[in-house]
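Geometric and topological summary
Chain by chain, the residues:
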Amino acid sequence: MHIVASSRISIFWFRRDLRLEDNVGFSKALQAGLPVLPIFIFDTTILDRLPKKDARVTFIYEQLQDLHKVLEDNVQSGIARYYGTPETVFERLSQEFEIAAVYTNHDYEPNAIARDTRVMSMLSRKRIAYYSYKDQVIFEKNEITKDDGNPYVVYTPYKRKWMATFKAATDVQAYDTHPYFDTLVTGISFPAPTLAAMGFEMATIKVPPYTATSHLIQQYEATRNYPAIKNGTSRLGPHLRFGTVSIRKMVQKAIAEENTVFWSELIWREFFMQILWHFPHTTHKAFKPKYDRILWRNNEAEFKKWCDGQTGYPFVDAGMRELNTTGFMHNRVRMLVASFLCKHLLIDWRWGEAYFAEKLLDYDQSANVGNWQWAAGSGVDAAPYFRIFNPITQIDKFDAQKAYIHQWVPDLQELSYPPMMVDHKLARERCLKVYKEAVG
């Protein structure tokens, strides 16, 4: 719809939903009856903390360019992209347009909830309606709880309730948006700051496409634990994180393939999301408070060796080098390197969580915090503290031919490869002593 000065419009605010199809909030906005201006805000409160070659910023930037081009080519519309805080951007938009309503999709992280609360308050003062919808999950918040209304803190019963609820649900169908594209705003200039203008450079690390073929899903249980297997996992993480693929589409695919293992991994994601929503303090405090009594060693030189993949334990080093080089680490290896940091080196899980947050292409706060607390023994449904992965025998179980290790640790047989920075047996005994003194 061509916009003239007197036109009232709605705004759709893209966030963790960078796709045009099967997007709940976008669909609701398009069908609401007013011209729709899609926007994205490169939020300075987030970007100011990121490295200048952050691959995720490049990915978002390129994805938005692609979506803009689709709208430009098909309906002479586009996505307006802004750089600033959401409050300043909406202040500017409210001066440029007569805005009736802002549509978006829910975000469940503590900082995002605080941001949305500020924006809602500001829009309310301007008498602009604010509508937000469930989109990035099948079930959210209090939708899957125990019979007494309390949240599940153990995965297996949560999964059972999730599956039973899903079978009875009627609102998990895809949302078709394409027939309504003719309600998008046209006839205006769509701002689009460059990466350079925002202080960023094009990243050399790229987010790979995901793989969710029938073959991968059918073989998933057999291949998912072995990091040397090429394409043994889906690489869905970043695409679910930024919403370039619909969770409804992925769950329906898992059901169609009748693969409960793949389906279960998608449910794990929602388990951790509802945990973070119910227990937002877990971003910085142990879910089990007594674990905050642990006297971490927090040796900075040892932390740097771990970060750089120079621990002298090949499986650990391979994982860290893969992460530093590609922005990805196989999930089986993530458990090992996290356990090594917390248990062998007695370094606070929050240090590792922060490092992963900077490096992982698929960084999702709920899963990252949940899995790091699991490794430290301090979280929901966590491994007991006396379960300490042996980084040597793990090779025999999951990389027996050392194919993964040789890929990422080509200097394994060189004199330059570091010796083991700590003896496994001594580290295990030290860990058990420190943990026992803290948690009893």
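Let me begin by describing the structure that accompanies this report. (Residues numbered from 1 in each chain as written. Predicted model: local features only at pLDDT ≥ 70, side-chain atom pairs only at ≥ 80, totals over all residues. Heavy atoms only, no water.)

**Some thoughts on the sheet that holds strand β3 (residues 80-84)**
- Read across the sheet, five strands follow the order β3-β2-β1-β4-β5 without closing on themselves; strand pairing throughout is parallel. Since the sheet does not close on itself, it has two edges, and those belong to β3 and β5 (129-133), each with one partner. Along the sheet, successive strands turn relative to each other by an average axial angle of 30 degrees, direction set aside.
- Both strand β1 (residues 8-14) and strand β2 (residues 36-43) contribute to a ladder of five bridges, which runs parallel. (Pairing = 2+ DSSP bridges. Helix = DSSP H or I, 4+ residues; strand = E, 2+ residues; numbered from the N terminus. Axes fitted to C-alpha atoms, helices over the stretch in contact; angles between N-to-C directions.)

**Describing the packing of helix α11 (residues 300-308) against helix α12 (residues 314-326)**
- It is at 7 Å that the axes of α11 and α12 come closest, and there the two elements cross at 70 degrees. In terms of orientation, α11 lies roughly perpendicular with respect to α12. Between α11 and α12, the contacting residues are W306, C307 and D308 on the first element and V316, M320, R321 and N324 on the second.
- Here the contact of α11 with α12 is built from residues that sort into four nonpolar, one polar and two charged. (Parallel < 35°, antiparallel > 145°, perpendicular 65-115°, else oblique. Contact = heavy atoms within 4.5 Å. Nonpolar A, V, L, I, M, F, W, Y, C, P; charged D, E, K, R; others polar.)

**Thoughts on the packing of aromatic side chains**
- Scanning all chains against the criterion turns up 38 aromatic pairs.
- Ring plane angle 45 degrees and centroid distance 5.2 Å describe the contact between F12 and F26, whose orientation is recorded as tilted. Of this pair, F12 sits in strand β1 while F26 is found in helix α1 (residues 24-30), placing the two residues 14 residues apart along the sequence. The burial state of F12 is the same as that of F26; both residues are buried.
- Each member of the aromatic cluster is reached from another via a ring pair, and the members are Y152, Y155, Y158, W268, F271 and F272.
- The aromatic ring of F200 is capped on one face by K52, whose charged end is 5.0 Å from the ring centroid.
- Positioned above the aromatic ring of F328, the side-chain terminus of R235 is 3.6 Å from the ring centre. (Phe/Tyr/Trp six-rings, centres within 6.5 Å; stacked < 30°, edge-to-face > 60°. Buried < 20%, exposed > 50% of the residue type's maximum accessible area, 1.4 Å probe, protein only. Lys NZ or Arg CZ within 6 Å of the ring centre and 35° of its normal.)

**Notes on the pairing of β1**
- Buried residues dominate β1, accounting for six of its seven residues.
- Here β1 pairs with strand β4 (residues 98-105) via five bridges, running parallel. Across the sheet, S10 pairs through a bridge with A101, a residue of β4.

**What about empty space enclosed by the protein?**
- On inspection of all chains with the given rule, the structure shows six cavities of 30 Å³ or more.
- In this structure, the largest cavity occupies an estimated 80 Å³ of space.
- Surrounding the largest cavity, F272, I275, L276, T282, F287, S366, V369, G370, Q373, G379 and V380 form its lining.
- Sorting the residues of the lining of the largest cavity by element identifies α10 (260-278) and α15 (365-376) as the ones contributing at least two each.
- When residues of the lining of the largest cavity are assigned to their parent elements, the largest contribution, four residues, is made by α15.
- Residues belonging to the lining of the largest cavity are distributed by class as follows: six nonpolar, five polar and no charged. (1 Å grid on protein atoms, 1.4 Å probe; cavity = no way out; pocket = protein on both sides within 12 Å on 5 of 7 lines; lining within 4 Å. Points joined across faces, edges and corners; volume = space filled by probe spheres on them.)

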